[in-house]
Amino acid sequence: MKDLNGTNAIRAYANLYLDTSTRILGDAFDFAVNTCGYSLDEFVNMFVVSDSSKQFAMGNPSYVAGINGCELVRKVIKESENREIKEDDIMYLDKSPEYWVGYVSAFYQWYSDESFMNLFECISPEDMLKMYAVYHEMDIMKTVNEFSGRMRMKRMITRLALYRKAVDLTQKELAEEAGVPLRQIQLFEQRERNINNAKFETVYRISKALNCKAEDLFERSY
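Now for a look at the structure at hand. (Residues numbered from 1 in each chain as written. Predicted model: local features only at pLDDT ≥ 70, side-chain atom pairs only at ≥ 80, totals over all residues. Heavy atoms only, no water.)

**Side note on the nonpolar core**
Then, in step 1: Among the nonpolar cores identified, the biggest contains 49 residues, and Leu25, Phe29, Phe43, Phe47, Phe56 and Leu72 are the most heavily contacted of them.
Then, in step 2: The element best represented in this core is helix H1 (residues 18-34), accounting for eight residues.
Then, in step 3: Apart from residues lying up to four places away in sequence, Phe29 is in contact with Leu40, Phe43, Val44, Phe47, Glu98, Val101, Gly102 and Phe120. (Core = buried A, V, L, I, M, F, W, Y, C linked by side-chain atoms within 4.5 Å. Buried < 20%, exposed > 50% of the residue type's maximum accessible area, 1.4 Å probe, protein only. Helix = DSSP H or I, 4+ residues; strand = E, 2+ residues; numbered from the N terminus. Contact = heavy atoms within 4.5 Å.)

Laid out in structure tokens, this is it:
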């Protein structure tokens, strides 16, 4: 298979389904949020663990071409909550930010062959919505590159984790030694909180427990 630039590449499924799959997931996210009343997080959480998500990600034609976005929502809700959606099918001509999130998520999953679960674990739906204003009118490969960079960064081990493992401490042991909450250590290592922006006293306590300098724990780039 060749990618959009004409070079050989491995994609999640045949690119003949790409136009329909991106529109289907865009319409699904739009319908779930703006017609059915789910928050984007709620629907994404149901979608990523559903069999529908797995079938979509492998390019099952019944999912990436054989249904519309509203029907996909019905499948996910039926599987997750065992209930029927009563709202009539609506696919808006004016595309919402939620539509864009679904569209680019489907495109990126096809392009990268990542699972939807991996994608949304690294980049939350909320973070994607924040990108909308800047990226929705750009070439989609700009979004692809941004997603790839964020996923690489998310998967990189933090300097805090490196130093902690070097002295053979668990997160709980480090929290006790440093006198800081365990959850704070976890958030730093998961990059959910930027240690560079933490109070110096907090970082200093952690560094003393790890026998290193406070600045050793700062991330070089985010």
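Right, picking up where we left off after that structure.
**A closer look at unusual backbone geometry**
Then, in step 1: Positive phi values are uncommon outside glycine, yet Asp168 reaches one of about 60°.
Then, in step 2: Summarising the element assignment, Asp168 is placed in the loop between helix H10 (159-166) and helix H11 (171-178).
Then, in step 3: Positive phi values are uncommon outside glycine, yet Arg191 reaches one of about 60°.
Then, in step 4: Within the secondary structure, Arg191 is located in the loop between helix H12 (182-189) and helix H13 (200-210).

**A short note on the packing of aromatic side chains**
Then, in step 1: Tallied over the entire structure, the rule returns 14 aromatic pairs.
Then, in step 2: A centroid spacing of 6.4 Å and a plane angle of 45° characterise the contact between Phe29 and Phe120, whose relative ring orientation is tilted. Of the two residues, Phe29 is situated in helix H1 and Phe120 in helix H7 (residues 116-122); the sequence distance between them amounts to 91 residues.
Then, in step 3: Through a chain of ring-to-ring contacts, the aromatic side chains of Phe29, Phe43, Phe47, Phe56, Phe116 and Phe120 assemble into a single cluster.
Then, in step 4: Its guanidinium or amino end placed over the ring of Trp110, Arg11 lies 5.6 Å from that ring's centre, counting from NZ or CZ.
Then, in step 5: The cationic tip of Arg11 hangs over the ring face of Tyr111; the distance from NZ or CZ to the ring centre is 3.9 Å. (Phe/Tyr/Trp six-rings, centres within 6.5 Å; stacked < 30°, edge-to-face > 60°. Lys NZ or Arg CZ within 6 Å of the ring centre and 35° of its normal.)

**As for H11**
Then, in step 1: Every buried residue of H11 is accounted for by Leu174, Ala175 and Ala178. The buried residues of H11 occupy one face: seen down the axis, they fall within an arc of 100°. Exposed side chains of H11 directed beyond 90 degrees from the buried face belong to Lys172, Glu176 and Glu177.
Then, in step 2: In the segment just after H11, Gly179 is the residue with positive phi, at about 70°. (Arc of directions from axis to C-beta.)

**Focus: the packing of helix H8 (residues 125-135) against helix H9 (residues 140-155)**
Then, in step 1: Here H8 crosses H9 at 145°, and the two axes come no closer than 12 Å. Crossing of H8 against H9: the hand is right-handed. Counted together, Asp127, Met128, Met131 and Tyr135 of H8 and Lys142, Thr143, Glu146, Phe147 and Arg150 of H9 form the full contact between these two elements.
Then, in step 2: For the contact of H8 with H9, the per-class residue count stands at four nonpolar, one polar and four charged. (Axes fitted to C-alpha atoms, helices over the stretch in contact; angles between N-to-C directions. Left-handed = near helix turned anticlockwise from the far one by under 90°. Nonpolar A, V, L, I, M, F, W, Y, C, P; charged D, E, K, R; others polar.)

**A few points about the packing of H11 against H13**
Then, in step 1: The interhelical angle for the contact between H11 and H13, taken along N-to-C directions, is 110°, at an axis separation of 8 Å. In terms of orientation, H11 lies roughly perpendicular with respect to H13. Regarding H11 and H13, the two cross each other, and that crossing is right-handed. Listed contacts from H13 to Leu174, Glu177 and Ala178 of H11 are Arg205, Ile206, Ala209 and Leu210. (Parallel < 35°, antiparallel > 145°, perpendicular 65-115°, else oblique.)

**Regarding the pattern of salt bridges**
Then, in step 1: Summed over all chains, the structure comprises 11 salt bridges.
Then, in step 2: Among the salt bridges present, the one from Lys154 reaches Glu192, with a minimum N-O distance of 2.5 Å. Of this pair, Lys154 sits in helix H9 while Glu192 sits in the loop between H12 and H13, placing them 38 residues apart in sequence.
Then, in step 3: For the salt bridge of Arg205 with Glu201, the shortest nitrogen-to-oxygen distance reads 3.0 Å. Pair noted here: Arg205 and Glu201 are both in helix H13, with a separation of four residues, about one helical turn.
Then, in step 4: Assessed through its relative accessible area of 38%, Arg205 is described here as partly exposed. (Salt bridge = Lys/Arg side-chain N within 4 Å of Asp/Glu carboxyl O.)

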